[in-house]
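Each chain, written out:
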Amino acid sequence: MATQLTTRPAARAVDPYRPLAVVLTALAVAMATSSLLGPVGAGLMRYRTSPTTLHQLVGSDAAALLVVAPLAVAAAALARRRHPVAPPLAAGVAGFALYTYAQVVIGQEYLRLPGNVERFFPLLLAVFLLAGATLVLAWRALPPHPPAPSRRLARAAGVTLLGAAAFLLFGLHLPAMVTAWTDPNSMVEYAASPTPFWLVKLMDLGVVVPAAVVVGLGVLRRAAWAQRMAYPLLTWLTCLGASVTAMAVVMLVDGDPDASPALAVGFAAVTVALAGLTVAFHRPLAARPRPTANARCCCAPDLPWDLVAPAAGRAAPLPPGSASAERARSLRA
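Conventions used here
Numbering of residues starts from 1 in each chain and follows the order in which that chain's sequence is written. Local features in this predicted model are restricted to residues whose pLDDT is 70 or higher, and side-chain atom pairs enter the listing and the counts only when it is 80 or higher, whereas totals over whole chains, interfaces and linings include all residues. Each side-chain value is derived from all of the structure's non-hydrogen atoms; neither hydrogens nor water enter the calculation. Numbering of helices and strands runs from the N terminus, with a helix taken as a DSSP run of H or I at least four residues long and a strand as a DSSP run of E at least two residues long. In this scheme, a residue with accessible area under 20% of its type's maximum is buried, one over 50% is exposed, and one in between is partly exposed, where area comes from a 1.4 Å probe on protein chains only. The contact definition used throughout considers only heavy atoms, calling two residues in contact when any of these lie within 4.5 Å. For the area figures, the Shrake-Rupley method with a 1.4 Å probe applies, and any residue is considered shielded solely by the protein chains shown. Where helices are involved, their axes are fitted lines through C-alpha atoms of the stretch in contact, as for all axes, and angles between N-to-C directions lie from 0 to 180°. Under this scheme an angle from 65 to 115 degrees is roughly perpendicular, one under 35 degrees roughly parallel, and one over 145 degrees roughly antiparallel; angles in between are oblique. When the near helix sits turned anticlockwise from the far one by under a right angle, the crossing is termed left-handed; a clockwise turn instead gives a right-handed crossing. The residue classification treats Ala, Val, Leu, Ile, Met, Phe, Trp, Tyr, Cys and Pro as nonpolar and Asp, Glu, Lys and Arg as charged. All others, Gly included, are polar. We call a set of buried Ala, Val, Leu, Ile, Met, Phe, Trp, Tyr and Cys residues a nonpolar core when their side-chain atoms join them within 4.5 Å. For this analysis, a salt bridge means a side-chain nitrogen from Lys or Arg found within 4 Å of a carboxyl oxygen belonging to Asp or Glu.

Caption draft 1: How the structure looks around the overall build of the protein. Each helix and strand counted, the protein has 11 helices and 0 strands in total. Start at the N end of the protein and walk to the C end: the helices and strands fall as α-α-α-α-α-α-α-α-α-α-α. A buried classification covers 47% of the 333 residues belonging to the protein. The contacts in the protein between residues at least 6 apart in sequence include a share of 76% that link residues at least 24 apart. Carbon together with sulfur atoms contributes 68% to the accessible area of the protein, which is approximately 16600 Å² in total.

Now the structure itself:
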């Protein structure tokens, strides 16, 4: 008696690109909304901070509105097309949002300076949560083995990352910390708003600098894990560079006593260098074929379709002794 064979419907592989596009779009809208509600736009959200720190927040909001949110929209459009460049761009945008909006929430002088930023906490929390979800989805969609950069490009990326870390540590934060330890009243920024002062030091020296040093050294040594991490890290640092450059420009334009033309020029130069490296790193990734969802063969749902019928059109042999091979032999019989 012939045995009646039953087949299950083809199993669908989880496609991380579609939810990534949706979450990225929501993140872009939330960041733009936060900027437009703040001093850059309608002025409804008033930060509880000193004038110097307010200049920095205005620059950050301007960068988020004019640079990072459009980049998130572009990455979402690429994700809808399943473009390989979308995941590292999305991860970089998510890193910027996590870094920036955590400081916006924690770095206020609540109950001490006037403002109403706490009323907009649900919006800022939404940005933070969307950024976290974007980072998870983007890292999941990032190719496990992206193209390795050339030796020249790897050397340039490693040196730039190490140089940026040295600039942040020795050129920016260490002199300010020494002044805060020895003569705090001489710094307007620190005397008026010590909370954001130390919060920025904590996040830059505890997150940004170590990440740049570790990945920079790894890229110089041609480590595969470092090359994979360099893709989103360069995007993240480029967004941060644009934000800090905008802060420095706003401080100069408004005549802030802590403004420095040298720092503005330095941040702008670092941002341009990081942007160039980001584009150079992503160029070979953009040339890769776009990934396709792993369809499953209906006669062998436990195997990906590309193992059963490769692109060349020839059937790949099924593993001997597997359940799928046994079913295929019984069908031929």
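Caption draft 2: The packing of helix α1 (residues 17–37) against helix α2 (residues 51–80), seen in detail. Closest axis-to-axis distance for the α1/α2 pair is 8 Å, and the angle between their directions is 165°. Here α1 lies roughly antiparallel to α2, going by the angle between them. The handedness of the crossing between α1 and α2 is left-handed. Counting all contacts with α1, which are made through Y17, L20, A21, L24, T25, A28, M31, A32, S35 and L36, the residues of α2 involved are D61, A64, L65, V68, A69, A72, V73, A75, A76, A79 and R80. In the contact of α1 with α2, the residues fall into 17 nonpolar, 2 polar and 2 charged.

Caption draft 3: Local environment of the environment of R283. Summarising the element assignment, R283 is placed in helix α9 (residues 261–286). With a relative accessible area of 55%, R283 lands in the exposed category. Separated by 198 residues in sequence, R283 and V85 place their C-alpha atoms 8.6 Å apart.

Caption draft 4: Layout of the nonpolar core. Membership of the largest hydrophobic core comes to 69 residues, with the highest contact counts inside it found for M31, W236 and L237. Among the elements that make up this core, the one with the highest residue count is helix α3 (residues 86–106) (12 residues). In this view, W236 contacts G92, G95, F96, Y99, V207 and V208; residues no more than four positions away in its chain are not counted. Within the second largest apolar cluster, 5 residues are counted, among which are A180, M187, Y190 and F197.

Caption draft 5: Structural view of the pattern of salt bridges. Taken as a whole, this structure holds 2 salt bridges when the rule is applied. E118 is the partner of R48 in a salt bridge, and the nearest nitrogen-oxygen pair spans 2.8 Å. Residue R48 is located in the loop between α1 and α2, and its partner E118 is located in the loop between α3 and α4 (121–141); the two are separated by 70 residues in the primary sequence. Given a relative accessible area of 15%, R48 falls into the buried group. The exposure class assigned to E118 is partly exposed, which follows from its relative accessible area of 35%. For R112, the salt bridge identified is with E109, shortest N-O distance 3.6 Å.

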